[in-house]
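Each chain is listed here by its residues.
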Amino acid sequence: MTSAHHHHGMCCSTALRKATRRVTQLYDEALAPVGLRSTQYSILMELSRRASEAPTLQVLADALVMDRSALGHTLRPLERDGLLALQHGESDRRQRQVVLTRKGQALVARAQPLWQRAQDRFCEVFGEAEAAILRITLLDIAADERLSSRAS
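The rules behind each value
- Residues numbered from 1 in each chain as written.
- Predicted model: local features only at pLDDT ≥ 70, side-chain atom pairs only at ≥ 80, totals over all residues.
- Heavy atoms only, no water.
- Helix = DSSP H or I, 4+ residues; strand = E, 2+ residues; numbered from the N terminus.
- Buried < 20%, exposed > 50% of the residue type's maximum accessible area, 1.4 Å probe, protein only.
- Polar contact = N/O pair within 3.5 Å; in protein donor to acceptor, adjacent residues only side chain to side chain.
- Expected span 1.5 Å × (residues − 1).
- Arc of directions from axis to C-beta.
- Contact = heavy atoms within 4.5 Å.
- Phe/Tyr/Trp six-rings, centres within 6.5 Å; stacked < 30°, edge-to-face > 60°.
- Core = buried A, V, L, I, M, F, W, Y, C linked by side-chain atoms within 4.5 Å.
- Salt bridge = Lys/Arg side-chain N within 4 Å of Asp/Glu carboxyl O.
- Patch = residues over 30% accessible without salt bridge, like charges linked within 9 Å, V, L, I, M, F, W, Y side chains within 5 Å.
- Areas by Shrake-Rupley, 256 points an atom, 1.4 Å probe, with all protein chains shown as cover.

*Asks:* If you had to explain the side chain of threonine 56 to someone new, which residues and values would you point to?
*Replies:* By the element assignment, threonine 56 lies in the loop between α2 (38-49) and α3 (57-64). Given a relative accessible area of 14%, threonine 56 falls into the buried group. Only 3.1 Å separates the side chain of threonine 56 from the backbone nitrogen of valine 59, close enough to count as a polar contact.

*Asks:* Got a sec to walk through helix α1 (residues 12-31)? Specific residues and values, please.
*Replies:* What sets the pattern is the α-helix's 3.6 residues per turn: residues three or four places apart point alike. Look at α1: 28 Å from first C-alpha to last across 20 residues, which is about the 28 Å you get at 1.5 Å a residue. Taken as a whole, α1 has its buried residues at Tyr27, Asp28, Ala30 and Leu31. Within α1, the buried residues cover an arc of 140 degrees as seen down the axis, which keeps them to one side. Residues Arg22 and Glu29 are exposed on α1 and point more than 90 degrees away from its buried face. On its buried side, α1 packs onto α2 and α5 (102-126).

*Asks:* Got a sec to walk through the packing of aromatic side chains? Specific residues and values, please.
*Replies:* Within this structure, the stated rule accounts for three aromatic pairs. Between the aromatic rings of tyrosine 27 and tryptophan 115, the centroid separation amounts to 6.5 Å while the plane-to-plane angle is 40 degrees, which identifies the pairing as tilted. Taken together, the residues span a long stretch of sequence, with tyrosine 27 in helix α1 and tryptophan 115 in helix α5 at a distance of 88 residues. Assessed through its relative accessible area of 10%, tyrosine 27 is described here as buried. Look at tyrosine 41 and tryptophan 115: their rings are 6.1 Å apart centre to centre, the planes differ by 20 degrees, and that puts the pair in the stacked class. With a gap of 74 residues between them, tyrosine 41 in helix α2 and tryptophan 115 in helix α5 connect regions that are remote in the sequence. By relative accessible area, which is 4% here, tyrosine 41 ends up buried.

*Asks:* Report on the nonpolar core, specifying residues and quantitative values.
*Replies:* Counting 23 residues, the largest nonpolar core has Leu36, Ile43, Leu44, Leu60, Leu71 and Leu75 as its most contacted members. With five residues, α2 is the single largest residue contributor to this core. Ignoring anything within four residues of it in the chain, the contact list for leucine 75 reads Ile43, Leu57, Leu60, Leu84, Leu86 and Val98. Among the nonpolar cores identified, the runner-up in size contains six residues, and Tyr27, Ala118, Cys123 and Ala131 belong to it.

*Asks:* Got a sec to walk through the pattern of salt bridges? Specific residues and values, please.
*Replies:* Within this structure, the stated rule accounts for six salt bridges. Arginine 37 is paired through a salt bridge with aspartate 28; the nearest N and O atoms lie 3.1 Å apart. Residue aspartate 81 pairs with arginine 80 through a salt bridge whose shortest N-O separation is 3.1 Å. Note on aspartate 81: relative accessible area 34%, which makes it partly exposed.

*Asks:* Can you explain a nonpolar patch on the surface? Please cite residues and give values.
*Replies:* On the surface, a cluster of nonpolar side chains totalling about 350 Å² of accessible area is made up of Leu16, Leu138, Ile141 and Leu147. Note on placement: leucine 138 falls in helix α6 (residues 128-143).

This is the structure:
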């Protein structure tokens, strides 16, 4: 039994943050050759998945479980580098939609195999079945609005 198993009294937030930092290091190192961090890759992938209907800033923030202002801060370098663009909404000009550019699509295509290597490495170390259970559990936590400050 490792020393990590002896910290049953540790708060869930601290344990999650430690795990997040470890996993983020794995993915960031894998994506380094294309100049992306894992947070940027996840945004670009979300935009790629939503290519048929560009999300508004708020829809994208909600999908990523991010505060809208934090999302705006994270989008700036991606916009500056021409990987995404902010456009006025077609039905409501006050809304801004986030669109993946051709350059962004090309970078996602180059980054995807690097991401897959990190994903495979995580599953190899942690176990395929355990990784699947972990993903389901983490997505359940992320989707549970009762844990949101808006729920109180």
